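Examining the three-dimensional arrangement
The chain contents come next:
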Protein chains: 2
Amino acid sequence: MPELYQELINLSNSAMYPFHMPGHKRNLESTPMKGAFRCDITEIDNFDNLHDENGIILEAEERANRIYGADKTFFLVNGSTSGVLSAVSAAVPEGGRILAARGSHRSLYHAIYLRHISVKYLPYKINAVYQMPEPYTKEDIANALDDSIDAVFITSPTYDGRCSDVRGIAEVCHERGIPLIVDAAHGAHFGFEGSNKTREGYVYTKLPESAVKQGADIVIHSVHKTLPSMTQTALLHIKGNLIDVSRVKRFLRIYQTSSPSYVLMSSIDLCMKEMEENGKAFVDRLLEFRNRIQIETRQCRNLRVLSEDTIDDVAKVAIYVKNATMTGQRLYDILREEYNLQLEMAGEKYALAIISGWDKEKGITRLIEAIIDIDKKDEWWASAISADYKEKDDTKVTIYDLPEAMMSVNAAMDAEKSLVPIKEATNHIAGEFINLYPPGIPVVVPGEIISEKIIEEISGYLSKGMNVQGITEGKEFICVKQK
Amino acid sequence: MPELYQELINLSNSAMYPFHMPGHKRNLESTPMKGAFRCDITEIDNFDNLHDENGIILEAEERANRIYGADKTFFLVNGSTSGVLSAVSAAVPEGGRILAARGSHRSLYHAIYLRHISVKYLPYKINAVYQMPEPYTKEDIANALDDSIDAVFITSPTYDGRCSDVRGIAEVCHERGIPLIVDAAHGAHFGFEGSNKTREGYVYTKLPESAVKQGADIVIHSVHKTLPSMTQTALLHIKGNLIDVSRVKRFLRIYQTSSPSYVLMSSIDLCMKEMEENGKAFVDRLLEFRNRIQIETRQCRNLRVLSEDTIDDVAKVAIYVKNATMTGQRLYDILREEYNLQLEMAGEKYALAIISGWDKEKGITRLIEAIIDIDKKDEWWASAISADYKEKDDTKVTIYDLPEAMMSVNAAMDAEKSLVPIKEATNHIAGEFINLYPPGIPVVVPGEIISEKIIEEISGYLSKGMNVQGITEGKEFICVKQK
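Quick summary incoming for the structure in this document.

Cut-offs applied
- Residues numbered from 1 in each chain as written.
- Chains lettered and ligands numbered in written order.
- Predicted model: local features only at pLDDT ≥ 70, side-chain atom pairs only at ≥ 80, totals over all residues.
- Heavy atoms only, no water.
- Core = buried A, V, L, I, M, F, W, Y, C linked by side-chain atoms within 4.5 Å.
- Buried < 20%, exposed > 50% of the residue type's maximum accessible area, 1.4 Å probe, protein only.
- Helix = DSSP H or I, 4+ residues; strand = E, 2+ residues; numbered from the N terminus.
- Contact = heavy atoms within 4.5 Å.
- Pairing = 2+ DSSP bridges.
- Axes fitted to C-alpha atoms, helices over the stretch in contact; angles between N-to-C directions.
- Phe/Tyr/Trp six-rings, centres within 6.5 Å; stacked < 30°, edge-to-face > 60°.
- Lys NZ or Arg CZ within 6 Å of the ring centre and 35° of its normal.
- Buried area = accessible area lost by both parts, 1.4 Å probe.
- Salt bridge = Lys/Arg side-chain N within 4 Å of Asp/Glu carboxyl O.
- Polar contact = N/O pair within 3.5 Å; in protein donor to acceptor, adjacent residues only side chain to side chain.

What to know about the nonpolar core
In terms of nonpolar packing, the biggest core is built from 176 residues, with A:Leu227, A:Ile319, A:Ile374, B:Leu227, B:Met272, B:Ile319 and B:Ile374 touching the most fellow members. Broken down by element, this core gets its largest block of residues, 15 residues, from helix H9 (residues 262-296) of chain A. Those residues in contact with B:Ile319 that sit more than four places away from it in its chain are B:Leu303, B:Arg304, B:Val305, B:Leu331, B:Leu335, B:Leu343, B:Lys349, B:Tyr350, B:Ala351, B:Leu367 and B:Ile371. Among the nonpolar cores identified, the runner-up in size contains 76 residues, and A:Val92, A:Leu108, A:Ile220 and A:Val248 belong to it.

Printed below as a string of structure tokens:
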């Protein structure tokens, strides 16, 4: 089977001279990126066309398809963002209705805006101890589904590596003939198997199942997040007959550049080939890295690496700060500044590291040693954990009330706006998304009413110096202009 | 000033270990692309965020801004496509009206579809001799403008390197307070100056002026097409006060991935730095290459490289087939198959090469020699050009009638469809774009009525084996279902 990357290298080694785009003419010798420039071409003869593929790009997509077991797989060069926009635009008619989790990626909200979609939210559940979004059960979806819904949209795994019951949810959706879209941007490594060698004492022994196999109708995978592909690359998989493939294709053409990068596309193909040929070793390394972290940090008193009871995804290492005298952000900063370890993100109660099969043994060791070291250094902790410390009940879930929507997202975003000082904003209608970042879940969505309670919540974040997005520098809310 | 690329290399050389995305962990040593993987990170501390830039990405954008002289410049990682979508979505209210050239890039039509925009077309002018889209004059726009228009959209330079009178058109638009959007995807090299050394005998002595300087309100530049940046990279420039920058920013966030590639972004910055430091030499080389081609092929009888009378852009080498016994496609194929020269595209009457300051002397020589060689080889030509051959009047322009629109683009694209055999399609309403490729200009746009004349035109293309896009494999039209 021809390989996109190898064909690009062959072209570059051939006598064929490029009187076509790009302007660098594969002739940049002065940077370490020259290898990538060598593979950077436009759609010339024999190199197919991403938007109307029937040659080498189609074959590469079919390889990915074979690996994941979908009916159809598309390469994306504008990230999972373009996948979510296309999936929602294709599955829901303009002006239709979607059932979705509040904590969905902003591309879902953008699709809602662009396509005049109305949204019904699933209960907004946050783990009370870890302050981490909860995954969804079959019942959550069954209870919320009604005949007005055109499609269901969930994120699984979450950023933190928690998985919803995709199989059960797909069943519930399919009983009503409603398609299920799974934003599995963080789950491209799911479903790969290791070499199944005995793993005595291991906490994690395998990777979760892929949402494609679990029956979702559309699954979106970022390939760069957890697998060895370049940033901004993704896959969109379609399975079953609830989705019109040609509509998905139409929207992929709309939301993606007509000059797709062969560097990005060949990076996806290289990644798929790597996983096809050496996926077992990748999984073995990933499991071993994760279990080392899990097992070797067990003795910590102030910190705890969340285990399989909470985190389904082997690749997500959430370091929970048991001793509440330190925040997750502080832990993140210490790891970065004192140990030269750059983590992915910080929550209020934990810091999150992402590991993959491409980590280095040495890096994993440094993380383990840093966790143990920080845990032991009394100087980092404002006070010791008391002798009678009892772990909190980490199955406790808070369900947040959501603000009332007075206008559609579309109408509010396109309405005339005025700036209203926070303290005067009660009962105004939000004209912009307001998020606490992280985790980036909207506190208020355009069109929703700003209540007294929300103002208190946001004022609280601001007084703690937390990063609130969607308000002006002068700390005003962007509101729909009152007539 | 810090440079994005250099900072990425510094990071890669530092002791900082990545417990974040991407999953390859900058640890891919096995491919020539490893240099690019080294620079491929996610948004970590100190590396800013494309969608909310206030650090190193903003500084890089400001460098580009300084070079082109706009009020505001944005980096794009989803190509000029995302620039056009964002510009039109920002400049025209939903449901508004745009004045545009028929031969606009498909991203314009996609914006029209997504945002329920209605379109008034400029006269559809094709050069009668070269079968090449004509640029626009100030009068073309003045005659078509009316008070229903929210924005004007033109493409200049065209794919073939022809420039409209952007300065005059901007004046006409601004008299009415209407913003002008210029799709200058192929004009990122415009406005750069050479070293101004004497260029005796040169046909081309400078590059055309940039649309930014000529007064356009939004200009979109592909950086990869004519400058040394990676495919899929582009810039969006805003000037003046007719455009709401925050609205543009909103749509750039919508239409572009939330995981933008640092490889692509640093490639833009590297390119800007290169042009800032060595732009003069780039322009000198480009001019010299172009003039060599122009001058050294002058003696050809069957072929003619179109000159500055027709082609404004130094980078576009349109090789016109004077001797009508050969098509542009045949010339393109011969250059590719017999001479290993891959051109950009073939029109009916010409083949188009793109050159840049990064071409190699040797490559230019090969092109010149090939043109001369093909021109001389009688075996390629079905008959000789007659002794009394007279050049055709190449100022002659054909203005095509456009089909009547019965429905909006949006309504037609989202309507229920049926397949209608070509011969039975008279008076049906098109449900898809039908293009002849190249040039890719729609023969029919969704919502337009399919006339007898159009059926004859398309049947003619098909019988010649030309590439007609938008019909099924069974040669049926995709039409709006008749009730």
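Some remarks on the sheet that holds strand S20 (residues 468-469) of chain B
All names here are of chain B. Taken together, the 3 strands give an open sheet; going across it, the order is S19-S18-S20, and neighbouring strands pair in antiparallel fashion. The open sheet is flanked by strand S19 (442-444) and S20, the only strands paired with a single partner. Two strands pair when backbone bridges link them, and strand S18 (residues 434-436) and S20 are joined in this way by 2 bridges, in the antiparallel orientation. If you follow Leu-436 over to S20, its bridge partner there is Val-468. Those strands touched by helix H13 (residues 452-463) are S18, S19 and S20, and its axis lies near 130° from that of S19.

Comments concerning the packing of aromatic side chains
Overall, the coordinates contain 16 aromatic pairs over all chains when judged by the stated rule. Between A:Tyr68 and A:Phe192 the ring centres are 5.7 Å apart and the planes differ by 80°, which places this aromatic pair in the edge-to-face class. One end of the pair, A:Tyr68, is in helix H3 (residues 56-68); the other, A:Phe192, is in the loop between strand S8 (180-183) and strand S9 (218-222), with 124 residues separating them in the sequence. Assigned by exposure class, A:Tyr68 and A:Phe192 land together as buried. Seen from their ring centres, B:Tyr17 and B:Phe19 are 4.7 Å apart, and the 50° between their planes marks the pair as tilted. Judged by relative accessible area, which is 10%, B:Tyr17 ranks as buried. A residue is classified by how much of its surface remains accessible, and B:Phe19, at 0% relative accessible area, is buried. One Lys or Arg, A:Arg102, reaches over the ring of A:Tyr121 and ends 4.7 Å from the middle of that ring.

Here we look at the pairing of strand S4 (residues 118-121) of chain A
Residues and elements named next belong to chain A. Burial along S4 is one-sided: the residues Val-119 and Tyr-121 are buried and none of Ser-118 and Lys-120 is. As judged from the 4 bridges shared by strand S3 (residues 97-100) and S4, these two strands associate in the parallel manner. Counted as the bridge partner of Arg-97 is Ser-118 from S4.

Quick look at the side chain of A:Gln214
With respect to the element layout, A:Gln214 can be found in the loop between S8 and S9. Beyond its immediate chain neighbours, meaning those up to four positions away, A:Gln214 contacts A:Val166, A:Arg167, A:Ala170 and A:Glu209.

Examining the interface of chain A and chain B
Contacts between chain A and chain B engage 94 residues on the former and 94 residues on the latter. Interface area lost by chain A to chain B is led by A:Tyr17, A:Phe19 and A:Met33, which between them contribute 10%. The tally of links from chain A across to chain B stands at 10 salt bridges. Across the pair B:Arg336 and A:Asp45 runs a salt bridge, and its minimum N-O distance is 4.0 Å. At the boundary of chain A with chain B, the tally comes to 57 residue pairs in polar contact (both at pLDDT 80 or more).

Purely geometric numbers; function is a separate question.
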